[in-house]
Amino acid sequence: MIGLTTHLSLHRPAGVSRSSLTTGMLAAGVVLSSLLASPAALADKTEDAIQYRQAVFQTLAWQFSPMGAMAKGKQDYDAEEFRTRAERLALLAQMPWEGFIAGSYDGDTDALSKIETDRAGFDKRAEALMTQSRALADAAANQDLDALRSQFVETAKTCKGCHQQYRAD
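Residues numbered from 1 in each chain as written. Predicted model: local features only at pLDDT ≥ 70, side-chain atom pairs only at ≥ 80, totals over all residues. Heavy atoms only, no water.

## So, the overall build of the protein
The cut-off we apply is this: We count a stretch as a helix when DSSP gives it H or I for four or more residues in a row; a strand needs E for two or more, and each element gets its number in order from the N terminus. Relative accessibility thresholds used throughout: buried, under 20% of the residue-type maximum; exposed, over 50%; partly exposed, between the two (1.4 Å probe, protein chains only). Only heavy atoms enter the contact rule, under which two residues are in contact if any of them lie within 4.5 Å. Accessibility throughout is a Shrake-Rupley quantity obtained with a 1.4 Å probe, and a residue counts as covered only by protein chains that appear here.
Along its length, the protein carries six helices and zero strands. Secondary structure elements of the protein occur, N-terminal to C-terminal, as α-α-α-α-α-α. Residues classed as buried in the protein amount to 31% of the 169 residues present. Of the contacts formed within the protein by residues at least 6 apart in sequence, a portion of 66% connects residues at least 24 apart. Here the protein displays about 10,400 Å² of accessible surface, and carbon together with sulfur accounts for 57% of that area.

## Here's the deal with the nonpolar core
Side chains that are nonpolar tend, in soluble globular proteins, to be buried together. Test applied: By nonpolar core is meant a set of buried Ala, Val, Leu, Ile, Met, Phe, Trp, Tyr and Cys residues that side-chain atoms within 4.5 Å join together.
Counting residues in hydrophobic clusters, the biggest one holds 18 residues, and the most contacted among them are Met 67, Phe 82, Ala 86, Leu 89, Leu 136, Leu 148 and Phe 152. Filtering out sequence-adjacent residues up to four positions away, Leu 148 remains in contact with Tyr 77, Phe 82, Leu 136, Ala 139 and Ala 140. Membership of the second largest hydrophobic core comes to eleven residues, among which are Ala 93, Phe 122, Ala 126 and Tyr 166.

## Section: helix H3 (residues 79-92)
The test is simple: A helix is expected to span 1.5 Å multiplied by its residue count minus one. Taken from the helix axis, the directions to the C-beta atoms give the arc we talk about. Throughout this description, a polar contact denotes any pair of N or O atoms lying within 3.5 Å of each other; where both atoms belong to protein, one of them has to be capable of donating a hydrogen while the other can accept it, and for residues adjacent in sequence the pair is counted only when both atoms sit in side chains.
Helix length check: H3, at 14 residues, gives a terminal C-alpha distance of 20 Å against a target of 20 Å (1.5 Å per residue), a fit within 8%. Of the positions making up H3, those classed as buried are Ala 79, Phe 82, Arg 85, Ala 86, Leu 89, Ala 90 and Leu 92. What you see down the axis of H3 is that its buried residues fit within an arc of 165°, all on one side. Measuring from the side-chain oxygen of the N-cap residue of H3 to the backbone nitrogen of Glu 80 gives 3.1 Å; that N-cap residue is Asp 78.

## Things to note about helix H5 (residues 119-142)
In a regular helix each residue adds 1.5 Å, so 24 residues correspond to 34 Å; H5 covers 35 Å between its end C-alpha atoms and thus fits that length. Within the sequence span of H5, burial applies to Gly 121, Phe 122, Ala 126, Leu 129, Ser 133, Leu 136, Ala 137, Ala 139 and Ala 140. Just past H5, the residue Gln 143 takes up positive phi, approximately 65°.

## Focus: the environment of Phe 100
Tracing the sequence through the fold places Phe 100 in the loop between H3 and helix H4 (114-117). For Phe 100, a relative accessible area of 8% puts it in the buried group. A C-alpha to C-alpha distance of 7.4 Å links Phe 100 and Arg 53, two positions 47 residues apart in sequence.

## Focus on unusual backbone geometry
If you check the backbone angles, Gln 143 has positive phi at about 65° while not being a glycine. Along the polypeptide, Gln 143 turns up in the loop between H5 and helix H6 (145-166). The class for Gln 143 is partly exposed, based on a relative accessible area of 41%.

## Digging into the side chain of Thr 46
Note on placement: Thr 46 falls in helix H2 (residues 18-71). Those residues within four positions of Thr 46 in sequence are excluded, and the remaining contacts are Ile 101, Gly 103 and Ser 104.

## Here's the deal with the packing of aromatic side chains
We apply this condition: For Phe, Tyr and Trp, rings pair up if their centres lie within 6.5 Å, where Trp contributes its six-membered ring, and each pair is then called stacked (planes under 30 degrees apart), edge-to-face (over 60) or tilted (otherwise). For a lysine, the NZ atom is tested; for an arginine, the CZ atom; a charge sits over a ring if that atom is within 6 Å of the ring centre and within 35 degrees of the ring normal.
One pass over the structure, following the stated rule, counts eight aromatic pairs. Summarising the aromatic geometry, the rings of Trp 97 and Phe 122 are spaced 5.6 Å apart at their centres and angled 75° between planes, so their arrangement reads as edge-to-face. With Trp 97 in the loop between H3 and H4 and Phe 122 in helix H5, the pair connects residues that are 25 residues apart, well separated along the chain. In this structure Phe 122 comes out as buried when scored by relative accessible area, which is 2%. Through pairs of rings, three or more aromatic residues link up here, namely Phe 57, Trp 97, Phe 100, Phe 122 and Tyr 166. The residue whose ring lies beneath Lys 114 is Tyr 166, and the NZ or CZ to ring-centre distance is 5.4 Å.

So this is what it looks like as C-alpha cells:
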C-alpha cells in the first residue's frame, strides 16, 4: 500500500491530502469488490435456498413414507413410531417455505416459477400442509389406526395438491 500511495501522491490533485486519497481508494476498492462479489453471493444464496428446501422435503418424505406403509397395511402398525414420525412431520412442515426465495426457480429444482407469481396461492397450500400435518400428529396421539388412515390420506392430498400446482414432474 505504501508503494501505491507514494505513486498516487505524485498525481494527486491539488488540495487533496495523501490520507484522504488513500481512504478514498480503500473505500472505492471495498465498494468495487462488493459489487463484483454480489452476483456470486446471490447465486450462492439461491443455491443454498434450493438445497435447504430440498433437504427439508427429503426429510419430510423420510418421515412420511413409513407412516404411509403402516396406513396402507404394508408395514405393521407401530403406534409409537407413527406418533413420533407424525410429530416430526408436523415440525418439518413448517420449515421449507423460507427456502422459496426470489430467483430460486431455475437450476437444479423442480419448483416452478409460478410460485413467485402466485405467492398467495402457494402460501395457502403451505399453510394447509402445516395444518394437516398437525392434525395427523394430534390423531397419532390417540393411536386410533382408522382415524390415522383418514388423516394420513388428507395430509397426502395436501402434498399432492401443491405438487400438481407448483412442482414440475
